Amino acid sequence: MAKIIEIENVQSGMVVAKSIVNRFGQMILPEGTKITDKHKRVLKTWGVKYVTVEGFLGGDIVNSAEVDPLEGFDERIKNQAEEYLKKKMCWTPRNASETGMYNAALGQIIEKISKKKNDDN
Amino acid sequence: MTIIERINNGISRLPTLPTVFSAISDALADPRVTNDEIAKIISGDQASAFKVLKVANSAFYGFRSRIDTISQAIMILGFNEIRNIVLALSIINLFSKEKKLLNFRPVDFWAHSIGVGIITRAIGKETGLTNLESYFISGILHDIGKLFFYIYASNEYAEVLRLVEEQNLSLSKAELQVFGVDHCMVGSAVAEKWRLSPNIVHAIKYHQLGPITGKYEKLVSTVHIADVFAKMIELGHSGDDVIYEPNLKAWDILNLPDDVFYKLSKIIMADYEKTVSLLLSE
């Protein structure tokens, strides 16, 4: 059975149950891929927070019940954050380092916006 | 007086750094100076001593056990880092943080500077360097030229800030239009006047262009990237809303793992909040 788990809890050898795409719709890891440590690094670089994996080795997958798959996934806030950041940047990421920096910054801005929304409510 | 004459005049009239800083610097010029002698100089200025201990005990340096005395702090952090803490505290307290000029608020300016200092040190650590002495202070002082303009040419600086606002220019571009020099050049002149070490002067001068001179490349690249990241995650406010493009050479020099910012973000945010309240409190 497939389960949604946090990227931190993904272990090498787990199998991707649902293809992972970035926000531009480009494929990062197709369904059926056996995840390695290198994959994990790339996923983190892209700011992927949750992954749907096949139940593996018949064992339990940690923390799956506590994870809210919608957390950090609100598309509206994500788009808002991205628009906001892009308006100030006069450039687009040209290499993996810049992509990593961009995604980390985006994560911070998403958090800020979400926090502000929560405070306002 | 022309603007350039006024800038030169301003630099010659800059306030001197507090005696405790110059006393430490002079003492450190003597290779046989002892830990106790330096501790005595700092302890002689109670306000400084108190703040130095607070900074040394902050999460920023991450020591588990408490540092209770200045001599202990020197033993653990080293002479030069202690001198840098005193320097940072002195310069931040040298100018008033009260007034604001249009969009330029000294408190936000210092918050951005402290943010860059923290990121500079965090990235420096990631590159595997063990000697990070000038990293924090270079980050803190990288934009000091802006503060100089704001204090010594505030009428013209209001014009600069208006240009930034109306035409969405970077501060540097607007400064060049109005003054013919930008905060990087003026900042390095200020640092030279204060006789700060050449690597710090260099980092201030090239923080925006990145490593183009072949000198102090690691430090310059680190401050350069840290400045961009601080603007992206909005630590404080540096006076403009333009995030400039990093110099690609900086990435080659630093050779950082791709997920380094993801990894450091949380620590940076936590250190930032604590350090800002520590350094900016009266």
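Residues numbered from 1 in each chain as written. Chains lettered and ligands numbered in written order. Predicted model: local features only at pLDDT ≥ 70, side-chain atom pairs only at ≥ 80, totals over all residues. Heavy atoms only, no water.

Secondary structure assignment for chain A yields three helices and four strands. Shown N-terminal to C-terminal, the secondary structure of chain A runs as helices and strands in the order β-β-β-α-β-α-α. Residues counted as buried form 38% of the 121 residues belonging to chain A. Nonlocal contacts in chain A, meaning residues at least 24 apart in sequence, comprise 59% of its contacts between residues at least 6 apart. Accessible surface, chain A as shown: approximately 7,300 Å² in total, 51% of it carbon and sulfur. (Helix = DSSP H or I, 4+ residues; strand = E, 2+ residues; numbered from the N terminus. Buried < 20%, exposed > 50% of the residue type's maximum accessible area, 1.4 Å probe, protein only. Contact = heavy atoms within 4.5 Å. Areas by Shrake-Rupley, 256 points an atom, 1.4 Å probe, with all protein chains shown as cover.)

Across its full length, chain B holds 16 helices and zero strands. The C-alpha radius of gyration computed for chain B amounts to 18 Å, which stays within 12% of the reference 19 Å derived for 282 residues, consistent with globular compactness. In terms of overall dimensions, chain B has a C-alpha envelope of 55 × 45 × 35 Å along the principal axes. The buried share among the 282 residues of chain B stands at 57%. (Rg over C-alpha atoms; globule rule 2.2 N^0.38 Å.)

Residue and element names in this part refer to chain A. Domains assigned within chain A are domain 1 (2-64) and domain 2 (75-120). The interface of domain 1 with domain 2 comprises five residues on the first partner and eight residues on the second. At the junction of domain 1 with domain 2, the criterion picks out zero salt bridges. On the surface where domain 1 and domain 2 come into contact, there are zero residue pairs in polar contact (both at pLDDT 80 or more). (Domains from an automatic or database assignment. Salt bridge = Lys/Arg side-chain N within 4 Å of Asp/Glu carboxyl O. Polar contact = N/O pair within 3.5 Å; in protein donor to acceptor, adjacent residues only side chain to side chain.)

Another point: the nonpolar core. Counting 118 residues, the largest nonpolar core has B:L141, B:Y157 and B:M232 as its most contacted members. For this core, the leading source of residues is helix α16 (residues 260-280) of chain B, giving ten residues. Not counting residues within four places of it along the chain, the set of residues in contact with B:M232 comprises A:L85, A:M89, A:W91, A:M101, A:Y102, A:A105, A:I109 and B:I243. Core analysis: the second largest hydrophobic core is formed by 13 residues, A:V10, A:M14, A:V48 and A:V53 among them. (Core = buried A, V, L, I, M, F, W, Y, C linked by side-chain atoms within 4.5 Å.)

So, about the packing of helix α3 (residues 35-43) of chain B against helix α5 (residues 70-77) of chain B. Residues and elements named next belong to chain B. Packing of α3 against α5 leaves a shortest axis separation of 9 Å and a crossing angle of 125°. If you check the angle between α3 and α5, you find them oblique. Where α3 crosses over α5, the two elements pack in a sense that is right-handed. For the pair formed by α3 and α5, the contact residues are N35, D36, I38, A39, I42 and S43 on the first element and I70, S71, I74 and M75 on the second. (Axes fitted to C-alpha atoms, helices over the stretch in contact; angles between N-to-C directions. Parallel < 35°, antiparallel > 145°, perpendicular 65-115°, else oblique. Left-handed = near helix turned anticlockwise from the far one by under 90°.)

What follows deals with a nonpolar patch on the surface. Together, B:F63, B:M75 and B:I76 line one region of the surface with nonpolar side chains, adding up to about 310 Å² of accessible area. Assignment of secondary structure puts B:I76 in helix α5. (Patch = residues over 30% accessible without salt bridge, like charges linked within 9 Å, V, L, I, M, F, W, Y side chains within 5 Å.)

Each partner contributes to the interface: chain A provides 24 residues, whereas chain B provides 23 residues. Of the roughly 2,300 Å² buried at the junction of chain A and chain B (both faces included), carbon and sulfur atoms supply 60%. Counting the contacts that link chain A with chain B gives three salt bridges. Counting residues per element, the side of chain A that touches chain B draws most heavily on helix α3 (residues 96-120) of chain A, at eleven residues. Of the residues in the side of chain A that touches chain B, the class split is twelve nonpolar, five polar and seven charged. (Buried area = accessible area lost by both parts, 1.4 Å probe. Nonpolar A, V, L, I, M, F, W, Y, C, P; charged D, E, K, R; others polar.)

Residues and elements named next belong to chain B. Inspection of every chain in the model, using the stated rule, returns 16 salt bridges over all chains. Here D68 makes a salt bridge to R66, at a shortest N to O gap of 3.0 Å. Overall, the relative accessible area of 45% leaves D68 in the partly exposed class. The exposure class of R66 is exposed, given its relative accessible area of 58%.

All names here are of chain B. Relative to the helices and strands, H183 resides in helix α12 (residues 183-193). Residue classification places H183 among the buried residues on the basis of a relative accessible area of 1%. With sequence-adjacent residues up to four places away left out, H183 is seen in contact with D143, G145, K146, F149, S172, E175, H207 and Q208.

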